[in-house]
Amino acid sequence: DTAVSQTPKYLVTQMGNDKSIKCEQNLGHDTMYWYKQDSKKFLKIMFSYNNKELIINETVPNRFSPKSPDKAHLNLHINSLELGDSAVYFCASSQAAQTHYGYTFGSGTRLTVV
Amino acid sequence: AQKVTQAQTEISVVEKEDVTLDCVYETRDTTYYLFWYKQPPSGELVFLIRRNSFDEQNEISGRYSWNFQKSTSSFNFTITASQVVDSAVYFCALSDDGGSNYKLTFGKGTLLTVNP
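Residues numbered from 1 in each chain as written. Chains lettered and ligands numbered in written order. Predicted model: local features only at pLDDT ≥ 70, side-chain atom pairs only at ≥ 80, totals over all residues. Heavy atoms only, no water.

Details of the side chain of threonine 13 of chain A
Residues and elements named next belong to chain A. Selection rule: Secondary structure counts use DSSP, requiring at least four H or I residues in a row for a helix and at least two E residues in a row for a strand, with both numbered from the N terminus. Burial classes: relative accessible area under 20% of the type maximum marks a residue as buried, over 50% as exposed, and values in between as partly exposed (1.4 Å probe, protein chains only). Here a residue-residue contact requires only that any non-hydrogen atoms of the pair lie within 4.5 Å.
Positionally, threonine 13 belongs in strand E2 (residues 10-13). Relative accessible area serves as the criterion here: at 4%, threonine 13 is assigned to the buried category. Each residue touching threonine 13, except ones within four places of it in the same chain, is listed here: Lys19, Leu81, Leu111, Thr112, Val113 and Val114.

Structure, rendered in structure tokens:
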């Protein structure tokens with residue numbers, strides 16, 4: 001199926017651990033994003049990559065490090081996890097960096113830090 | 001700076017009622033795009049509509065309709081004859097025309113509960 005897929009769907013981990021979330025899209029899109037949705041459902045962009053190049057970094061702690069090995073993949077690595085990192089993380093892609101094409105979102109990864 | 005305001009945090013209706021979700025936006029750009037997304041209880045984000053700033057025609061898709069008014073910077077969403085399956089969080093979002101700003105700015109969402 002054509003889609004944006006992210007793994008894992010659920011992630012429960014202890015404070016201080018390091019974890020990664022993977023995202024892949026097979027839509028042929030050039031641009032990929034990570035969004036964070038907090039407990040109040042607010043969606044906020046974290047990062048954006050266009051053809052493997054970082055184009056948006058929205059004042060995210062440097063414990064968060066995105067990596068894009070190719071334009072179909074955008075992974076998110078988080079070091080030294082904190083309680084406040086608990087959220088749902090959405091990966092998305094769009095045809096190009098001009099976001100008027102809209103986004104296709106993955107199904108989300110619910111991260112719980114205990 | 002871009003801003004999207006969804007003043008209604010929660011709305012509760014009874015099935016078959018019509019309901020309108022409000023969205024007010026702010027942008028300095030003359031070219032911009034507006035979106036609505038649906039997030040059902042299962043959690044995924046579902047694209048509903050995209051509208052560009054030059055097209056003020058209202059749009060209807062089945063029970064869904066959208067009213068875009070540049071004069072009031074609003075892009076409201078109406079569900080006619082609501083159903084329980086419409087229960088979800090609905091997000092309005094804004095994007096300018098590329099330039100140096102490559103992101104969608106979302107409103108805080110409106111939780112719609114449709115009761116049987």
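There's more to say after this.
Examining the interface of chain B and chain A
Quick reminder of the rule: Joining two parts hides part of their accessible area as seen by a 1.4 Å probe, and the buried area is that hidden amount summed over both. Any carboxyl oxygen of Asp or Glu that lies within 4 Å of a side-chain nitrogen of Lys or Arg is treated as forming a salt bridge with it. Within 3.5 Å is the distance limit for a polar contact, defined as a pair of N or O atoms, with the added protein rule that one can donate a hydrogen and the other accept it, and that residues adjacent in sequence qualify only through two side-chain atoms.
Taken together, the contacts link 18 residues of chain B with 21 residues of chain A. Interface area for chain B against chain A, summed over the two sides, is near 1,700 Å², with a carbon-plus-sulfur share of 62%. The tally of links between chain B and chain A comes to 0 salt bridges. Linking chain B with chain A are 4 residue pairs in polar contact (both at pLDDT 80 or more), by the criterion used here.

Quick look at unusual backbone geometry
Residues and elements named next belong to chain A. Here the bond from threonine 7 into proline 8 is cis, since omega is -5°, no more than 30 degrees from zero. The topology assignment puts proline 8 in the loop between strand E1 (4-7) and E2. A positive phi angle, near 75°, is found at lysine 41, a position not held by glycine. Along the polypeptide, lysine 41 turns up in the loop between strand E4 (31-37) and strand E5 (43-50).

So, the pattern of salt bridges
Residues and elements named next belong to chain A. Tallied over the entire structure, the rule returns 7 salt bridges over all chains. Among the ionic pairs, glutamate 58 bridges to lysine 44, the shortest N-O distance being 3.9 Å. Remark: lysine 44 occurs in strand E5 and glutamate 58 occurs in the loop between strand E6 (53-57) and strand E7 (64-70); sequence separation between them is 14 residues. With a relative accessible area of 21%, glutamate 58 lands in the partly exposed category.

Remarks on the environment of leucine 111 of chain B
Residues and elements named next belong to chain B. Topologically, leucine 111 is positioned in strand E12 (residues 110-115). Sequence separation between leucine 111 and glutamine 39 is 72 residues, and the spatial gap between their C-alpha atoms is 9.1 Å. In this view, leucine 111 contacts Thr9, Glu10, Ile11, Ala88 and Val89; residues no more than four positions away in its chain are not counted.

Describing the side chain of serine 94 of chain A
All names here are of chain A. With respect to the helices and strands, the residue serine 94 is situated in strand E9 (residues 87-94). Among the polar contacts made by the side chain of serine 94, one reaches the side chain of tyrosine 33 at a distance of 2.7 Å. Setting aside anything within four residues of it in sequence, one finds serine 94 in contact with His29, Asp30, Thr31, Tyr33, Gly102 and Tyr103.

Some details on the state of the cysteines
Among covalent bonds in proteins, the disulfide is the one between the sulfur atoms of two cysteines. Residue and element names in this part refer to chain A. Let me state the cut-off plainly: Disulfide assignment relies on a single distance test, namely cysteine sulfur atoms paired within 2.5 Å.
Going through the model one piece at a time under the given rule, you end up with 2 disulfides over all chains. Residue pairing for cysteine 23: its cysteine sulfur links by disulfide to cysteine 91, the two sulfurs lying 1.8 Å apart. A torsion of -80° about the S-S bond marks the disulfide between cysteine 23 and cysteine 91 as left-handed. Of this pair, cysteine 23 sits in strand E3 (residues 19-25) while cysteine 91 sits in strand E9, and the two are 68 residues apart along the sequence. Look at cysteine 23 and you get buried, because its relative accessible area is 2%. Judged by relative accessible area, cysteine 91 falls into the buried class, the value being 0%.

A look at the nonpolar core
Stated formally: Grouping buried Ala, Val, Leu, Ile, Met, Phe, Trp, Tyr and Cys residues that are joined through side-chain atoms within 4.5 Å yields what is termed a nonpolar core.
Ranked by size, the top nonpolar core spans 23 residues in total, and within it Trp36, Phe77, Tyr90 and Leu112 of chain B carry the most contacts. Broken down by secondary-structure element, the contributors of at least two residues to this core are strand E2 (10-14), strand E3 (19-21), strand E5 (32-39), strand E8 (64-69), strand E9 (74-79), strand E10 (88-96) and E12 of chain B. With 4 residues, the single largest contributor to this core is E10 of chain B. Counting residues in each nonpolar core, the second largest holds 20 residues, with Ile21, Met32, Cys91 and Leu111 of chain A among its members.

Regarding the layout of surface pockets
As a reminder of what qualifies: Method remark: on a 1 Å grid restricted to protein atoms, a set of points is classed as a cavity if a 1.4 Å probe fits but cannot get out and as a pocket if it is open with protein on both sides within 12 Å along at least five of seven lines; lining residues have an atom within 4 Å of a point. Grid points are joined across faces, edges and corners, and a volume is the space filled by probe spheres set on the points.
Estimated volume of the largest pocket: approximately 250 Å³. Roughly 190 Å³ of internal volume is contained in the second largest pocket. Lining the second largest pocket are 16 residues, and of these Val88, Ser107 and Arg110 of chain A together with Ser42 and Gly43 of chain B sit closest to its centre. Put simply, the parts of the chain that give the lining of the second largest pocket at least two residues each are E9 and strand E11 (109-113) of chain A.

Keep in mind that these numbers describe shape and distance, not what the molecule does.
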